[in-house]
Amino acid sequence: MTSLPLRLGVNIDHVATVRNARGGVHPDPIRAAHLAVLAGADGITAHLREDRRHIRDQDMERLKRQLFVPLNFEMAATAEMIGIATRLRPHACCLVPENREERTTEGGLDIIGGAEHLRPAIGELKDAGIRVSLFVEPEIDVMDTACELKAPVVELHTGTYCEAVAAGDEVKIAHELARLRRAAAHGASIGLEIHAGHGLDLQSVGPVAAIPQIAELNIGHSLIGEAIFLGLDEAVRGMRAAMDEGRRQAGSPAAPGGTAP
Ligand code: PXP
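Residues numbered from 1 in each chain as written. Predicted model: local features only at pLDDT ≥ 70, side-chain atom pairs only at ≥ 80, totals over all residues. Heavy atoms only, no water.

## Notes on the overall build of the protein
Then step 1. Assigned secondary structure in the protein consists of eleven helices and eight strands.
Then step 2. For 261 residues, the compact-globule formula gives about 18 Å, and the C-alpha radius of gyration of the protein, at 17 Å, lands near that figure.
Then step 3. Along the longest, intermediate and shortest principal axes, the C-alpha atoms of the protein span 45 × 45 × 35 Å.
Then step 4. Within the protein, buried positions represent 53% of all 261 residues.
Then step 5. Across the protein, the fraction of contacts at a sequence separation of at least 24, relative to all contacts at a separation of at least 6, is 67%.
Then step 6. Of the roughly 11600 Å² of accessible surface on the protein, 55% is carried by carbon and sulfur atoms. (Helix = DSSP H or I, 4+ residues; strand = E, 2+ residues; numbered from the N terminus. Rg over C-alpha atoms; globule rule 2.2 N^0.38 Å. Buried < 20%, exposed > 50% of the residue type's maximum accessible area, 1.4 Å probe, protein only. Contact = heavy atoms within 4.5 Å. Areas by Shrake-Rupley, 256 points an atom, 1.4 Å probe, with all protein chains shown as cover.)

Below, the structure is given as structure tokens:
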């Protein structure tokens with residue numbers, strides 16, 4: 001099949017992590033967002049966590065005011081976050097699970113067990129004109145449930161695949177890629193827009209970028225880490241090039257970096 005254009009959403013959470021380490025204003029995550037866009041990011045992602053450990057309310061306000069590219073507001077489906085999101089009206093909200101003790105988001109949302117809690121949250125966000133995405137495990141029944149919940153977008157959790165790449169476990173890599181490919185194909189066939197993310201780096205991104213139904217990758221930690229050595233501009237350009245190369249190797253033309261509406 002013909003590949004969709006592949007967008008890059010840059011997650012700037014960890015610029016805020018460094019800023020907060022000293023309690024001041026430097027480095028400014030909004031400055032990082034502007035630089036990432038100049039380097040080829042199609043959108044910016046930021047996760048406002050319940051404990052405000054990195055991104056803070058004022059960061060979301062400034063991102064919403066200043067960005068000319070889509071803002072993807074990652075959040076837990078709590079009343080507080082839904083209140084903030086429906087007031088700010090970002091382009092998109094990606095609903096994620098959130099545990100206080102976790103270092104980062106661990107696993108996809110349980111949208112099957114949590115369907116009744118999520119249904120009104122999805123409805124409220126959609127009524128505010130926000131494109132809702134569910135961060136989920138790459139499984140067929142999960143795609144069906146996302147569709148039934150009337151979420152227009154799913155973001156496939158790539159963390160398990162990325163762990164397999166880091167461990168050099170070829171059997172697990174093949175298994176996890178097959179899960180991602182199957183879920184992406186099935187999800188797209190029932191009308192979902194497919195995104196993917198978590199843990200992606202230069203080593204792991206190619207085969208995921210090659211999955212033709214995937215329209216967007218959201219990447220943070222590896223990019224901000226590389227930016228320490230290369231600068232953010234070069235880190236984003238390098239990731240963009242690796243994504244485009246992954247797609248090209250799948251036999252499709254390289255995707256232009258168009259932005260979502
Ligand atoms: N997508 C989602 C839903 C996430 O929660 C995260 C981490 O905040 C990412 C993508 C980006 O993951 P990473 O920082 O590992 O690239």
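Now, onward.
## Digging into helix H8 (residues 170–189)
Then step 1. Its 20 residues give H8 an end-to-end C-alpha distance of 28 Å, which sits within 8% of 28 Å, the value for a rise of 1.5 Å per residue.
Then step 2. All of the buried residues in H8 are Ile173, Glu176, Leu177, Arg179, Leu180, Ala183, Ala184 and Gly187. Down the axis of H8, the buried side of the element spans an arc of 155 degrees, and every buried residue falls inside it. Among the exposed residues of H8, those oriented more than 90 degrees off its buried face are Glu170, Val171 and Ser189.
Then step 3. Directly after H8, the chain includes glycine 191, whose backbone phi takes a positive value near 100 degrees. (Expected span 1.5 Å × (residues − 1). Arc of directions from axis to C-beta.)

## Concerning the packing of helix H3 (residues 57–66) against helix H4 (residues 79–88)
A pair of packed helices can be characterised by two numbers: the angle between their axes and the separation between those axes.
Then step 1. One way to put it is that H3 packs onto H4 with a least axis distance of 11 Å and a crossing angle of 25 degrees. Put simply, H3 runs roughly parallel to H4. Every pair of crossing elements has a handedness; the one defined by H3 and H4 is right-handed. In this structure, H3 contributes Asp57, Met60, Glu61 and Lys64 to the contact, and H4 contributes Ile84, Arg87 and Leu88. (Axes fitted to C-alpha atoms, helices over the stretch in contact; angles between N-to-C directions. Parallel < 35°, antiparallel > 145°, perpendicular 65-115°, else oblique. Left-handed = near helix turned anticlockwise from the far one by under 90°.)

## Some details on the site of the ligand
Then step 1. Residues in close proximity to the ligand total 14 residues, the closest being Glu74, Glu155, Gly199, Gly220 and His221.
Then step 2. One of the side-chain nitrogen or oxygen atoms of glutamate 74 is found 2.9 Å away from an oxygen atom of the ligand.
Then step 3. Between the ligand and glycine 199 there is a distance of 2.8 Å, counted from an oxygen atom to a backbone nitrogen or oxygen.
Then step 4. About the coverage of the ligand: the protein hides 95% of its 390 Å² of free accessible area. (Near = heavy atom within 4 Å. Polar contact = N/O pair within 3.5 Å; in protein donor to acceptor, adjacent residues only side chain to side chain.)

## Let's talk about the sheet that holds strand E3 (residues 71–75)
Then step 1. In spatial order, the strands read E1-E2-E3-E4-E5-E6-E7-E8; together these eight strands close into a barrel with parallel pairing. Taken pair by pair, the neighbouring strands of this sheet meet at an average axis angle of 25 degrees, ignoring direction.
Then step 2. Pairing geometry for strand E1 (residues 7–11) and strand E8 (residues 214–219), over four bridges, is parallel. By the bridge assignment, leucine 8 is partnered in E8 with leucine 217.
Then step 3. Against the sheet, H8 engages strand E6 (153–157), strand E7 (193–197) and E8, with an angle of about 175 degrees to E6. (Pairing = 2+ DSSP bridges.)

## Observations concerning the side chain of aspartate 42
Then step 1. Mapped onto the fold, aspartate 42 is located in the loop between helix H2 (29–38) and strand E2 (43–47).
Then step 2. Among the polar contacts listed, one links the side chain of aspartate 42 to the side chain of arginine 240, at a separation of 2.7 Å.

## Remarks on unusual backbone geometry
Then step 1. Across the junction of histidine 26 and proline 27, the peptide omega takes the value 0 degrees, indicating a cis bond.
Then step 2. Here proline 27 is to be found in the loop between helix H1 (13–22) and H2.
Then step 3. In the Ramachandran plot, histidine 198 falls in the positive-phi region, its phi being about 110 degrees despite a non-glycine side chain.
Then step 4. With respect to the helices and strands, the residue histidine 198 is situated in the loop between E7 and helix H9 (205–209).

## Re a nonpolar patch on the surface
Then step 1. Taken together, Ile228, Phe229 and Leu230 make up a surface patch of nonpolar side chains, about 370 Å² in accessible area.
Then step 2. Its location among the elements puts phenylalanine 229 in helix H10 (residues 221–230).
Then step 3. Owing to a relative accessible area of 66%, phenylalanine 229 belongs among the exposed residues under this scheme. (Patch = residues over 30% accessible without salt bridge, like charges linked within 9 Å, V, L, I, M, F, W, Y side chains within 5 Å. Salt bridge = Lys/Arg side-chain N within 4 Å of Asp/Glu carboxyl O.)

## Focus on the packing of H10 against helix H11 (residues 232–249)
Then step 1. The interhelical angle for the contact between H10 and H11, taken along N-to-C directions, is 130 degrees, at an axis separation of 7 Å. Of the possible angle classes, the one that applies to H10 and H11 is oblique. You can see that H10 and H11 cross each other, and the crossing is right-handed. Across the interface between the two elements, Ser222, Leu223, Ile224, Glu226, Ala227 and Leu230 of H10 pack against Leu232, Glu234, Ala235, Val236 and Met239 of H11.
Then step 2. Across the contact of H10 with H11, the residue classes break down as eight nonpolar, one polar and two charged. (Nonpolar A, V, L, I, M, F, W, Y, C, P; charged D, E, K, R; others polar.)

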